[in-house]
Amino acid sequence: MASQRPSLELRKKPALVLRFEERAARRVVSSDRVTYRDAKTYFSVILDDKNRRSICRLHFNTSKKAMTLFGPDREERRVPLAAIENLYEQRQGSPADGP
């Protein structure tokens, strides 16, 4: 007796839906999971000691200080910094982010 394979429609996984609590929970990270690595051109803040899980990169080796932030799809946003103290303005939810 030949076994029948389920159709493609039956094998598709349902779309992933994130609930509000799951989205909020992903923003909370234990500080012992956050580490850093120094490279030649930047200082990298990473999660779980893995290069592929970058939180941000700090570019302080030149006269033009900057920080690179990573979005959920690994898109990069480079932010110029007039001074190191301006790092605090880049946190999520800061008044500097605007409405």
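Computed from a prediction, not measured in an experiment: that's the story for all the values here. (Residues numbered from 1 in each chain as written. Predicted model: local features only at pLDDT ≥ 70, side-chain atom pairs only at ≥ 80, totals over all residues. Heavy atoms only, no water.)

(A) Representation of the overall build of the protein chain within the structure. What the protein chain contains, in helices and strands, is 2 helices and 5 strands. Start at the N end of the protein chain and walk to the C end: the helices and strands fall as α-α-β-β-β-β-β. Counting every position in the protein chain, which comprises 99 residues, the buried fraction comes to 19%. A separation threshold of at least 6 residues defines the contact pool for the protein chain, and within that pool the share at least 24 residues apart is 4%. (Helix = DSSP H or I, 4+ residues; strand = E, 2+ residues; numbered from the N terminus. Buried < 20%, exposed > 50% of the residue type's maximum accessible area, 1.4 Å probe, protein only. Contact = heavy atoms within 4.5 Å.)

(B) Region of interest: the packing of aromatic side chains. Evaluated as defined, the whole model comprises 1 aromatic pair. Over the aromatic face of tyrosine 42 sits the side chain of arginine 57, whose NZ or CZ is 4.4 Å from the ring centroid. Above the ring of phenylalanine 70, the side-chain terminus of arginine 74 is found at 4.6 Å from the ring centroid. (Phe/Tyr/Trp six-rings, centres within 6.5 Å; stacked < 30°, edge-to-face > 60°. Lys NZ or Arg CZ within 6 Å of the ring centre and 35° of its normal.)

(C) The nonpolar core, seen in detail. Judged by nonpolar contacts, Val45, Cys56, Leu58, Met67, Leu69, Val79 and Leu81 together constitute the single largest core of 7 residues. Breaking this core down by element, the ones donating at least two residues are strand S3 (54–59) and strand S4 (66–70). When near neighbours in sequence (up to four residues on either side) are disregarded, leucine 69 contacts Ile55, Cys56, Glu75, Glu76, Arg77, Val79 and Gln90. (Core = buried A, V, L, I, M, F, W, Y, C linked by side-chain atoms within 4.5 Å.)

(D) Structural context of a nonpolar patch on the surface. The grouping of Val29, Val34 and Ile55 at the surface amounts to a nonpolar patch, some 190 Å² of accessible area in total. Relative to the helices and strands, isoleucine 55 is located in strand S3. (Patch = residues over 30% accessible without salt bridge, like charges linked within 9 Å, V, L, I, M, F, W, Y side chains within 5 Å. Areas by Shrake-Rupley, 256 points an atom, 1.4 Å probe, with all protein chains shown as cover. Salt bridge = Lys/Arg side-chain N within 4 Å of Asp/Glu carboxyl O.)

(E) Just the side chain of threonine 68, in detail. By the secondary structure assignment, threonine 68 is in strand S4. Ignoring sequence-local partners within four residues, the contact set of threonine 68 consists of Ile55, Cys56, Arg57, His59, Glu76, Arg77 and Arg78.

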